[in-house]
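These are the residues of each chain, in order.
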Amino acid sequence: YLALLASALPLSAQTLLELPLGAEVTLSESTERSSYELPIGLFAQNSVEFERLTGAVRRQVWRIDEAQAGPGVLLAVLSQQIADAGFSEEFVCMAEACGGVDFRVAIEVAPEPAMHVNSFDYGYAAFAREPDERVSILVSEGGGAAYIQMIEVGPSSSAFEDVTISTRGSLA
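None of the values given here were measured: they were computed from a predicted structure. (Residues numbered from 1 in each chain as written. Predicted model: local features only at pLDDT ≥ 70, side-chain atom pairs only at ≥ 80, totals over all residues. Heavy atoms only, no water.)

**Observations concerning the overall build of the protein**
Now for step 1: Along its length, the protein carries 4 helices and 8 strands.
Now for step 2: Taken from N to C terminus, the helices and strands of the protein fall in the order α-β-β-β-α-β-α-α-β-β-β-β.
Now for step 3: By residue count, 49% of the 172 residues in the protein fall in the buried class.
Now for step 4: Across the protein, contacts joining residues at least 24 apart in sequence account for 71% of those joining residues at least 6 apart.
Now for step 5: By element, 50% of the accessible surface of the protein is carried by carbon and sulfur atoms, the whole surface being about 7,700 Å². (Helix = DSSP H or I, 4+ residues; strand = E, 2+ residues; numbered from the N terminus. Buried < 20%, exposed > 50% of the residue type's maximum accessible area, 1.4 Å probe, protein only. Contact = heavy atoms within 4.5 Å. Areas by Shrake-Rupley, 256 points an atom, 1.4 Å probe, with all protein chains shown as cover.)

**Observations regarding the packing of aromatic side chains**
Now for step 1: Evaluation of the coordinates by the stated rule reveals 3 aromatic pairs.
Now for step 2: Ring centres of F91 and Y124 lie 6.0 Å apart, and the angle between their planes is 50°; this geometry places the pair in the tilted category. Within this pair, whereas F91 is found in strand 4 (residues 88-94), its partner Y124 is found in strand 5 (residues 122-129), the two being separated by 33 residues in sequence. Pair check on accessibility: F91 and Y124 agree, each one buried.
Now for step 3: On the accessibility criterion, Y124 (2% relative accessible area) is buried.
Now for step 4: Of the aromatic side chains, those joined through ring pairs into one cluster are F91, F103, Y122 and Y124. (Phe/Tyr/Trp six-rings, centres within 6.5 Å; stacked < 30°, edge-to-face > 60°.)

**Regarding the side chain of E152**
Now for step 1: Structurally, the position occupied by E152 is in strand 7 (residues 145-154).
Now for step 2: E152 gets classed as buried once you look at its relative accessible area, which sits at 3%.
Now for step 3: Of the polar contacts made by the side chain of E152, one reaches the side chain of R58; its length is 2.7 Å.
Now for step 4: Apart from the residues lying within four places of it in its own chain, the contact partners of E152 are L16, A56, V57, R58, Q60, R134, V135, F160 and E161. (Polar contact = N/O pair within 3.5 Å; in protein donor to acceptor, adjacent residues only side chain to side chain.)

**So, the sheet that holds strand 3 (residues 47-65)**
Now for step 1: What the 6 strands build is an open sheet, ordered 2-3-7-6-5-4; its pairing is antiparallel. Among the strands making up the open sheet, the edge pair consists of strand 2 (24-44) and strand 4. Adjacent strand axes in the sheet meet at a mean angle of 25° when their direction is disregarded.
Now for step 2: Pairing of strand 5 with strand 6 (residues 133-142), which is carried by 8 bridges, proceeds in the antiparallel orientation. Looking at the pairing, G123 lines up with V139 of strand 6.
Now for step 3: Along the sheet face, helix 2 (residues 71-84) touches strand 4, strand 5, strand 6 and strand 7 and points at about 155° away from the line of strand 6. (Pairing = 2+ DSSP bridges. Axes fitted to C-alpha atoms, helices over the stretch in contact; angles between N-to-C directions.)

**Digging into the state of the cysteines**
Now for step 1: Going through the model one piece at a time under the given rule, you end up with 1 disulfide.
Now for step 2: Two residues, C93 and C98, share a disulfide whose sulfurs are 1.9 Å apart. One disulfide, between C93 and C98, carries an S-S torsion of 105° and so falls in the right-handed class. (Disulfide = S-S within 2.5 Å.)

**Quick look at a nonpolar patch on the surface**
Now for step 1: A cluster of nonpolar residues, V101, V105 and F120, forms a patch on the protein surface that exposes about 320 Å² of accessible area.
Now for step 2: If you trace the backbone, V101 turns up in helix 4 (residues 100-106).
Now for step 3: Under the relative-accessibility criterion, V101 is labelled partly exposed at 34%. (Patch = residues over 30% accessible without salt bridge, like charges linked within 9 Å, V, L, I, M, F, W, Y side chains within 5 Å. Salt bridge = Lys/Arg side-chain N within 4 Å of Asp/Glu carboxyl O.)

Shown next as structure tokens:
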């Protein structure tokens, strides 16, 4: 599926992510007025540094069967797509460097089975686009599938960009 993710670039102006054919939405919820604690630092001294955000919040999770690339590669490809949409990377880490299990437990993660996180093999990144848009992604693999959790915060839900499923091929 890595080739499919890479082939999804470049993105249109209104698309934040383009995922390969076979990506299944396991959770999608939006609220016009809510809050989100965006992780912006490693787990250290028994806590994670958060930026408290308020506004419209959209939470989405996808499962991609037949995962093989690993969370590091998946995080890099998705991070590039988000950067191409005009966001700047604020914070990125991989499992052990993030703080391992402690970081994973401290941050917001959709419950199983919608999102699966291998506490020893995941990647996380936070992005910003001025004036007040933020995106976080959490990626992991387990049971032969890749999981992607994305949380967006903006001034209104109309600020959210599309996530599209590519029809350019399959995951085989």
